[in-house]
Each structure stands twice: as structure tokens, then as C-alpha cells.
Amino acid sequence: MKPNFSLLSKLLILQYLSALCLSQDFDFFYFVQQWPGAYCDTRQSCCYPKTGKPVADFGIHGLWPNYNDGSWPSNCDPDSVFDKSQISELMSSMNEKWPSLSCPSSNGFRFWSHEWEKHGTCAESELDQREYFETALKLKEKINLLQILKDADIEPDDGFYSLENISDAIKKGTGFTPGIECNKDSAHNSQLYQVYLCVDTSGSNLIECPILPSSRCGSNIQFPKF
Ligand SMILES: *[C@@H]1O[C@H](CO)[C@@H](O)[C@H](O)[C@H]1NC(C)=O
């Protein structure tokens, strides 16, 4: 019997297309932590979550799939909506380590659902929704930025520190060069806002960043109180 090449090639093309659609490839994650003191003392200000003022610690901003060239995928799967029942067991850790400071005051679900839908859905080939949030919480536990900085006498005391000293301290404490992002307080001082560390696509291992985000920092930056 003559093999049906046309059917075979159609099947191959279909298989290829579905593989393209299902694998949301990315090269690494940025794990981004933010200092609440710098979020809150800008002109725009902040609102504490309904669970109350967060502890004075870095909070998670997000775990963002990224490409080596600095670009990133976003909103990869409109069908995968945030489902809070999948993280019900993580709720107390989420409130503590991933608080929302945006206004109006909220219980965090808006923030987490934004993070899942914009960034998390682009890592679904590696982590499902529960694993995604759990992975970020584990990274936060593993990387105690505030303690690392305190060990280098860098404290949130409204003092000014050199960007180099902050970066060196984090490199010493984690083994990897961080990306440091600043913003400006209402008096226009450049201040420590977010710290980026890079993580492999499994979400478990820190790596050297293939590319660092632009820092927008002066050479001396304030570490504001919270
Ligand atoms: C940076 O670190 C050095 C060495 O510990 C210290 O002498 C210096 O005062 C620091 N600079 C700032 C601006 O924090």
C-alpha cells in the first residue's frame, strides 16, 4: 500500500505547531524584592494591606520570566486565571512576605493575580500556579536581604550608602551580583527600592544574571526607614 505522505506531513506540522504553542520558553527568572520604605515615601505614597502594616522587611514583588537579551514574555495564557484556592495553604506566608502596598488598600489578591497573569503564566511549562507562588516564597526565605545588609552595617536608618557597598554586600551574602533599582522620595533623594537576583528556569538555583536591569540610582543612595 502506498503510504499517505500528505497525511503524515500534516500530522507532523500539527505536532510542531502544538509544541510551539505549549512551550513558553524563557531563559531565566528575575526574583525581585522591594523595600516598603521606598515604595511608601514617594510622592504617590502607599496603602497598607487590610492585614495591617507589613513588617519592616523586603517584600516580594515578583518572579519574572525573562530572556537573555533583556526582553520578557508577558500574559502568556489568557485561559489560566488566578485561582486563590490553589494557594489557600500559603495564605499566611503570602500576606507576610508578599504584601500589597498599592492604593486603595487591598487583601493582596489583586497584586498576586496581576503577578500570576502577567508573569507566572509565562512559566507554566516549569511551574503550575501553586508551585509558582511557593517557589517565590522559598526564595524569599532563602535570601534574607535585610540581614545580609545589616551584616554589612547597612541599615534602613534614612542614611546614605554607596551603591557599590550595597551591591558588594549582597554579592558577598548571596554569591551573586544583584541588580539594584532606585526610585526617588518626595524630597527627590535617590533611594534603595528594588533588588533583582537571577534564578534558573526551575526556580531553585540562583545564577549570575545574564543581563541586569537599569538601576536609575545615584552613586550614593538612601536606605529609608519603614
Ligand atoms: C563603603 O564601605 C567602606 C568600607 O567598609 C566604608 O569605609 C565607606 O564609608 C562606605 N561608604 C559609604 C558611602 O557607605
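Residues numbered from 1 in each chain as written. Predicted model: local features only at pLDDT ≥ 70, side-chain atom pairs only at ≥ 80, totals over all residues. Heavy atoms only, no water.

We now examine the overall build of the protein chain. Along the protein chain, the regular secondary structure elements total seven helices and seven strands. Counting from the amino terminus, helix and strand elements in the protein chain follow one another as α-β-α-β-α-α-α-α-β-α-β-β-β-β. With 226 residues in all, the protein chain has 45% of them scored as buried. Across the protein chain, the fraction of contacts at a sequence separation of at least 24, relative to all contacts at a separation of at least 6, is 75%. When the accessible surface of the protein chain is totalled, it reaches about 11,800 Å², and 52% of it is carbon and sulfur. (Helix = DSSP H or I, 4+ residues; strand = E, 2+ residues; numbered from the N terminus. Buried < 20%, exposed > 50% of the residue type's maximum accessible area, 1.4 Å probe, protein only. Contact = heavy atoms within 4.5 Å. Areas by Shrake-Rupley, 256 points an atom, 1.4 Å probe, with all protein chains shown as cover.)

Our focus in this paragraph is a negative patch on the surface. A surface patch of negative charge is lined by Asp151, Asp153, Glu155, Asp157 and Asp158. The residue Glu155 is located in the loop between helix H6 (145-151) and strand S3 (160-162) in this model. (Patch = residues over 30% accessible without salt bridge, like charges linked within 9 Å, V, L, I, M, F, W, Y side chains within 5 Å. Salt bridge = Lys/Arg side-chain N within 4 Å of Asp/Glu carboxyl O. Lys, Arg positive; Asp, Glu negative; His and termini not counted. Charge placed at Lys NZ, Arg CZ, Asp CG, Glu CD.)

Attention now moves to the pairing of strand S1 (residues 28-34). With seven of seven residues buried, S1 lies mostly within the body of the structure. Judged by which residues are buried, S1 turns out to be covered on both faces: Phe28, Tyr30, Val32 and Gln34 on one side and Phe29, Phe31 and Gln33 on the other are all buried. In this sheet, strand S2 (residues 59-66) lies alongside S1 in antiparallel orientation, the contact comprising seven bridges. Within S2, the position partnered with Tyr30 by the bridge is Trp64. Strand direction decides the pairing type here: S1 and strand S5 (residues 190-199), joined by six bridges, are antiparallel. Note that in S5 the partner of Gln33 across the bridge is Val195. (Pairing = 2+ DSSP bridges.)

Let us now look at the nonpolar core. If you look at the biggest cluster of nonpolar residues, it comprises 48 residues, and the most contacted ones within it are Phe58, Trp112, Phe133, Leu149, Ile166, Leu192 and Phe223. In this structure, Tyr30, Val32, Trp64 and Cys198 belong to the second largest nonpolar core, which totals seven residues. (Core = buried A, V, L, I, M, F, W, Y, C linked by side-chain atoms within 4.5 Å.)

Let us now look at the site of the ligand. If you check the shell around the ligand, you find Tyr161, Ser162, Asn165 and Asn220 and nothing else. A total of 360 Å² of accessible area belongs to the ligand in isolation, and the protein chains cover 32% of it. Here the residues of the shell around the ligand are counted per class, giving one nonpolar, three polar and no charged. (Near = heavy atom within 4 Å. Nonpolar A, V, L, I, M, F, W, Y, C, P; charged D, E, K, R; others polar.)

What follows is about the state of the cysteines. Here the structure, examined in full by the defined rule, presents five disulfides. Disulfide pairing places Cys40 opposite Cys46 at an S-S distance of 2.0 Å. With the S-S dihedral at roughly 95°, the linkage between Cys40 and Cys46 falls on the right-handed side. Taking relative accessible area as the criterion, Cys40 reaches 14% and is therefore assigned buried. For Cys46, a relative accessible area of 15% translates into the label buried. Paired by a disulfide, Cys182 and Cys217 hold their sulfur atoms 2.0 Å apart. Since a negative S-S torsion denotes a left-handed disulfide, the Cys182-Cys217 link at about 95° is right-handed. In this pair, Cys182 is assigned in strand S4 (residues 179-184) and Cys217 in the loop between strand S6 (206-207) and strand S7 (220-222), connecting sequence segments 35 residues apart. Side by side, Cys182 and Cys217 carry an identical accessibility label, which is buried. Shown here for the protein chain is a disulfide pattern of 1-2, 3-5, 4-6, 7-10, 8-9, where each number marks a bonded cysteine counted in sequence order. (Disulfide = S-S within 2.5 Å.)

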